[in-house]
Amino acid sequence: MGEKSVPILEQSECPDHQGLGKMSSSAPMLEEKVPRILIREDTVLAGLKGCAGCGGAHFTCAGVTKQWSALCWGRRSEKNYYCLLVSLSATFVLSLIGTVFFCFTNTLNNAILSNMVIRNNSMAFSLWRAPTVQPLMKVHLFNYTNWERVRDGYDRKLHVEDVGPFVYSQKVERVNIKFEKDWLSYQERNTFRYRPDKTEGAQFDKVFVPNLPLLGVVSKVREMNINSIGQVALNGALFYANHKDAFIELPVHRFLWGYDDSIINTAKTYLSLQGQLKFTNFGLLATKNGTVDEHFTINTGDRDMDRMNVIEKLNGEDHLTYWGNPECNSIEATDGSIFPPSLLDRKTTLHVFFPQLCRRLPFVYEKDVVTADGIQLLRYRMPMNVFDDHISNPANQCYCEIDSGTCPPRGVINVTACAMGAPALASHPHFYLGDPGLLENVTGLNPDPALHDSYVDIHPTLGISLHGRSSMQINIQVKKTPMFPALSFLEEGTILPIAWIEMTVEEIPESLRTMIYHGTFSTAAAQLALTVICIIALAISSICLSIMIFRRRQKPCVTLKKVLPTEAELKGLKSVS
């Protein structure tokens, strides 16, 4: 056996080995008063790894003279115990926080939404400034096929045919952008492109339509209370206009986007209209193409995401001035492209502002829908009573004319203030949900709820409108005076339908679809995985901590069987020494 350093051993009480003294910790020799013996290296007991308080171990005889059993009683190392305890406690706390974080908060969704804030030079700003989505504008015109027979007394009622749709794609660009803290102001620049592949008919098809400039001028004459002499003079001037009848025949494209009409130029001098008209050539949609006049100021959501994309001002004003109370004059709404996600709780009424209607319109939750990609959306629909009269819907009383107290019939709203003074009214297509009297003077209208209502499908997390349809009909009301015989065959107050326009999104660019898909499913999968991991870690750490704390007790650290030299071997060693 080699002589190696062994630790100190306390004296044993075994009868066969009485008087063993202490051994030096630096040499294999016993002290001089104790017989020198050779101890095998595997009998080292003092300082056993994992044992605390075993430096002075006690031996107990096992009843065999050639073998001792050494039992080291004590506790496991306090250092290892507390290291494990701290690790488990940290795991428990972190997993508990993670479980609450992922199960009961929207922090992950808010982190995604923070990237949608319209900050200057951000990706969200780029997408907002020049959207890749191009809505389709589908225009249906009402062709008055028998107006001459009505004028000549052969027919009693006007008959219309719904022709079209004539389809245009709309490219929107936000221009003249100015940031001011968490607000930004801008104008919209629209570019409409004709889509013959989706159109029924051709844009050079001709239709008979109401002579809108003439109807507008006559209404303005009544409003201004021009005396009879002035009316006669104006009527004489209009006699030489290029379009002097109540109805005119025009190609579709000209009627929509502009045609030369001398009535407007003639009436400017008489009606002091200089500077009030926003077009050179009159067209039903002429003011919508190019940069629009309205200046919008919206909230970017940088400081308050609950107001993201909410309109703060219109043309520098924080409210309208057309209607009878603050609620109807409110512009607290969005443009319909993005809604604050905090409002999408299925209970809150959403509002979309329509500049061409001089007001905002409500949308209420109807149901959940699922896209072809499996994305769940929230469908909000325009209420059926939105255009009801003040009797059926008292909230609409403020949309009546303040001075005269007159209210439009059920199903239409007065938008004269947004039509440069022309007696224009808006309604659902084909007077859907309107007063039955609206159909008495015109035949050929067929209201269809499947085609003529409006809705929007919104992503519940991102607040982006992905699908939808907005259908609105433009009408004009006959207001005549005896001095203008061209309108004499039309009944006073008759509301003539002009066109109905459907705005819809049918195609979403692949890049946007991919972003929305990952924003829906990848985020949900990541949150689910993290939630499961946190719950499992919480359960395991809880069990381990319980075992450590409630079942901790003193145990033997180690039990060793040590073989010592026989008595004959000891005698041999003594004789050698």
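Visitor: Just to check I follow, could you spell out the state of the cysteines for this structure?
Guide: A disulfide bridge is the covalent bond that connects two cysteines by way of their sulfur atoms. Taken as a whole, this structure holds three disulfides when the rule is applied. A sulfur-sulfur distance of 1.4 Å marks the disulfide that ties Cys328 to Cys398. Here the residue Cys328 occupies a position in the loop between strand S10 (311-314) and strand S11 (350-354), and Cys398 occupies one in the loop between strand S13 (376-381) and strand S14 (412-414), the gap between them amounting to 70 residues. Under the relative-accessibility criterion, Cys328 is labelled buried at 3%. Judged by relative accessible area, Cys398 falls into the buried class, the value being 8%. Between the sulfur atoms of Cys358 and its disulfide mate Cys418 the distance is 1.4 Å.

Visitor: So what exactly am I meant to see when it comes to the packing of aromatic side chains here?
Guide: Two aromatic rings, taken as a pair, are described by how far apart their centres are and by the angle between their planes. One pass over the full model with this rule turns up 15 aromatic pairs. Aromatic pair Phe192 and Trp257: ring centres 5.4 Å apart, planes at 35°, arrangement tilted. With Phe192 in strand S5 (residues 183-194) and Trp257 in helix H7 (residues 252-257), this pair connects stretches of sequence that are 65 residues apart. Taken together, a centroid distance of 5.8 Å and an interplanar angle of 70° make the contact between Tyr365 and Tyr380 edge-to-face. With Tyr365 in strand S12 (residues 359-370) and Tyr380 in strand S13, the pair connects residues that are 15 residues apart, well separated along the chain. Since its relative accessible area comes to 26%, Tyr365 is described here as partly exposed. Classification of Tyr380 by relative accessible area gives buried; the value is 0%. Aromatic ring contacts, followed pair by pair, group Phe125, Trp128, Phe179, Tyr186 and Phe296 into a single cluster. When the ring centre of Tyr399 is taken as origin, the NZ or CZ atom of Arg359, which lies over that ring, is 3.9 Å away. The side chain of Arg379 reaches across the aromatic face of Tyr455, ending 4.1 Å from its centre.

Visitor: Just to check I follow, could you spell out the confidence of the model for the chain for this structure?
Guide: Looking at the chain as a whole, the pLDDT averages 76, with 72% of positions reaching at least 70. Ranking the elements of the chain by mean pLDDT puts strand S1 (residues 59-64) last with 35 and strand S3 (residues 136-144) first with 95. Taken together, the stretch residues 1-76 has pLDDT below 50 and engages in 136 contacts with residues farther than four places along the chain or on a different chain. With pLDDT under 50 throughout, residues 554-564 is counted as low confidence; its partners more than four residues away or in other chains account for 42 contacts.

Visitor: Where do I start with unusual backbone geometry in this structure?
Guide: Most of the time, phi is negative for any residue but glycine, and the peptide bond is trans. Following Gly164, the chain continues into Pro165 via a peptide bond in cis, with omega recorded as 15°. Within the element layout of this structure, Pro165 appears in strand S4 (residues 158-180). Its identity is not glycine, yet Asn315 carries a phi of approximately 55°, on the positive side. Note on placement: Asn315 falls in the loop between S10 and S11.

Visitor: Please explain the side chain of Gln170 as it appears in this structure.
Guide: Structurally, the position occupied by Gln170 is in strand S4. The class for Gln170 is buried, based on a relative accessible area of 10%. Those residues in contact with Gln170 that lie beyond four places of it in its chain are Val133, Gln134, Pro135, Asn190, Thr191, Phe192 and Met503.

Visitor: Explanation requested: the environment of Asp152 in the structure shown.
Guide: Note on placement: Asp152 falls in the loop between helix H4 (147-151) and S4. The class for Asp152 is partly exposed, based on a relative accessible area of 46%. Separated by 337 residues in sequence, Asp152 and Phe489 place their C-alpha atoms 8.4 Å apart.

Visitor: Just checking my understanding: could you explain a nonpolar patch on the surface for this structure?
Guide: A grouping of Leu528, Val532, Ile536 and Ile540 is seen on the molecular surface, where their side chains present a nonpolar patch of about 370 Å² in accessible area. Turning to its location among the elements, Leu528 is positioned in helix H10 (residues 510-550).

Visitor: Is there a simple way to think about the side chain of Thr334 in this case?
Guide: Along the chain, the position of Thr334 falls in the loop between S10 and S11. With a relative accessible area of 3%, Thr334 lands in the buried category. Only 3.1 Å separates the side chain of Thr334 from the backbone nitrogen of Gly336, close enough to count as a polar contact. Discounting residues that sit within four places of it in the chain, Thr334 has contacts with Asn309, Val310, Ile311, Phe339, Pro340, His351, Val352 and Phe353.

Visitor: Hey, could you run me through the pairing of S13 in this one?
Guide: Regular strands have side chains that alternate between both faces of the sheet. Within S13, five of the six residues are buried, which leaves the element mostly enclosed by the surrounding structure. Sheet analysis places S12 next to S13, joined by six bridges and oriented antiparallel. Each bridged residue has a counterpart across the sheet, and for Asp368 the counterpart in S13 is Leu378. For S13 and strand S17 (residues 455-458), the ladder comprises four bridges, and the chain directions are antiparallel. Residue pairing across strands places Arg379 opposite Asp457, the latter belonging to S17.

Visitor: How should the pairing of S3 be read in this particular structure?
Guide: For S3, the tally of buried residues reaches nine of nine residues, placing the bulk of the element in the interior. Alternating positions in S3 separate into two faces, Leu136, Lys138, His140, Phe142 and Tyr144 on one and Met137, Val139, Leu141 and Asn143 on the other, with burial throughout. In this sheet, S4 lies alongside S3 in antiparallel orientation, the contact comprising eight bridges. Bridge pairing links Leu141 to Val163 in S4. Examined bridge by bridge, S3 and strand S19 (residues 495-504) share six bridges and lie antiparallel to one another. Counterpart to Lys138 in the pairing with S19 is Glu502.

Visitor: In this structure, what is going on with the nonpolar core? I would like to understand it.
Guide: Nonpolar side chains tend to gather and get buried jointly when the protein is soluble and globular. Among the nonpolar cores identified, the biggest contains 52 residues, and Leu141, Phe247, Phe255, Leu256 and Leu490 are the most heavily contacted of them. Grouped together as the second largest cluster of nonpolar side chains are 20 residues, Leu350, Leu357, Leu378 and Tyr380 included.

Basis of the calculations
- Residues numbered from 1 in each chain as written.
- Predicted model: local features only at pLDDT ≥ 70, side-chain atom pairs only at ≥ 80, totals over all residues.
- Heavy atoms only, no water.
- Disulfide = S-S within 2.5 Å.
- Helix = DSSP H or I, 4+ residues; strand = E, 2+ residues; numbered from the N terminus.
- Buried < 20%, exposed > 50% of the residue type's maximum accessible area, 1.4 Å probe, protein only.
- Phe/Tyr/Trp six-rings, centres within 6.5 Å; stacked < 30°, edge-to-face > 60°.
- Lys NZ or Arg CZ within 6 Å of the ring centre and 35° of its normal.
- pLDDT = per-residue confidence, 0-100.
- Contact = heavy atoms within 4.5 Å.
- Patch = residues over 30% accessible without salt bridge, like charges linked within 9 Å, V, L, I, M, F, W, Y side chains within 5 Å.
- Areas by Shrake-Rupley, 256 points an atom, 1.4 Å probe, with all protein chains shown as cover.
- Salt bridge = Lys/Arg side-chain N within 4 Å of Asp/Glu carboxyl O.
- Polar contact = N/O pair within 3.5 Å; in protein donor to acceptor, adjacent residues only side chain to side chain.
- Pairing = 2+ DSSP bridges.
- Core = buried A, V, L, I, M, F, W, Y, C linked by side-chain atoms within 4.5 Å.

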